[in-house]
Amino acid sequence: MFVLGSQSPRRKQLMAEDITSDFQIIVSHSDEHYPRDLTSPIDIVKFIAHQKGENIHKEHYDDIVISADIHDAKAKWGYRGTQPPTEVCADRIECWVSA
């Protein structure tokens, strides 16, 4: 069975349209803290997506778990005033899929 580790309506829609309509939604309640040595916003988002997926996969190890986190530097990391570099600003979704 497929498990979507997100309560996002858009991710639910994409899952149903592009992958399968036969899936279960389970929200990961893992915190979004990350190691201080991760300084790249992209690496931070990858780490959080992985943590969310692993958290669900521990209890659903026979299922295929798909989790994600979105990188929006302006909102998530509080950039104000000056514009951060384009590669830091662009919205980007990082996904994690169990093996």
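Shown above is the structure to which this text applies.
First, a word on scope: everything that follows refers to the structure included in this document. (Residues numbered from 1 in each chain as written. Predicted model: local features only at pLDDT ≥ 70, side-chain atom pairs only at ≥ 80, totals over all residues. Heavy atoms only, no water.)

## Digging into the overall build of the protein
- Secondary structure summary: the protein contains four helices and four strands in total.
- Counting helices and strands in the order they occur from the N terminus, the protein gives β-α-β-α-β-α-α-β.
- The burial tally for the protein puts 34% of its 99 residues in the buried class.
- Relative to all contacts within the protein whose residues are 6 or more apart in sequence, the contacts with residues 24 or more apart total 50%.
- Here the protein displays about 6500 Å² of accessible surface, and carbon together with sulfur accounts for 50% of that area. (Helix = DSSP H or I, 4+ residues; strand = E, 2+ residues; numbered from the N terminus. Buried < 20%, exposed > 50% of the residue type's maximum accessible area, 1.4 Å probe, protein only. Contact = heavy atoms within 4.5 Å. Areas by Shrake-Rupley, 256 points an atom, 1.4 Å probe, with all protein chains shown as cover.)

## Re the environment of V45
- Relative to the helices and strands, V45 is located in helix α2 (residues 41-57).
- Sequence separation between V45 and C95 is 50 residues; the distance between their C-alpha atoms is 9.0 Å.

## With respect to the pattern of salt bridges
- Tallied over the full model, the rule gives one salt bridge.
- The salt bridge partner of D69 is K52, with a shortest N-O separation of 3.0 Å. Residue D69 is found in strand β3 (residues 64-71), and its partner K52 is found in helix α2; the two are separated by 17 residues along the sequence.
- Owing to a relative accessible area of 4%, D69 belongs among the buried residues under this scheme. (Salt bridge = Lys/Arg side-chain N within 4 Å of Asp/Glu carboxyl O.)

## A short note on the nonpolar core
- Counting residues in hydrophobic clusters, the biggest one holds five residues: V3, I26, I56, V65 and W96.
- Excluding residues that lie within four positions of it along the chain, I26 makes contacts with V3, L4, G5, S6, I56 and H60. (Core = buried A, V, L, I, M, F, W, Y, C linked by side-chain atoms within 4.5 Å.)

## Quick word on the environment of A49
- Structurally, the position occupied by A49 is in helix α2.
- Exposure remark for A49: the relative accessible area of 1% places this residue in the buried category.
- In this structure, the C-alpha to C-alpha distance between A49 and I66, residues 17 residues apart in sequence, is 9.0 Å.

## Brief notes about the side chain of T20
- Position of T20 among the secondary structure elements: in the loop between α1 (9-18) and β2 (23-25).
- Given the relative accessible area of 17%, T20 is considered buried.
- Polar side-chain contacts of T20 include one of 3.0 Å to the backbone nitrogen of D22.
- Residue contacts for T20: discarding those within four places in its chain leaves F2 and M15. (Polar contact = N/O pair within 3.5 Å; in protein donor to acceptor, adjacent residues only side chain to side chain.)

## Looking at the environment of K52
- Residue K52 is classed as buried on the basis of its relative accessible area, which comes to 13%.
- Sequence separation of K52 and E32 is 20 residues, and the distance between their C-alpha atoms is 8.4 Å.
- Once residues within four sequence positions are removed from consideration, K52 is found in contact with S28, S30, E32, S67, A68 and D69.

## So, the pairing of strand β1 (residues 2-5)
- Sheet topology note: the β1/β2 ladder contains three bridges and is parallel. When the sheet's bridge partners are listed, V3 is paired in β2 with Q24.
- Tracing the backbone out of β1, into α1 and back to the parallel element β2 gives a crossover that is right-handed. (Pairing = 2+ DSSP bridges. Right-handed = clockwise from strand over helix to strand, strands pointing away.)

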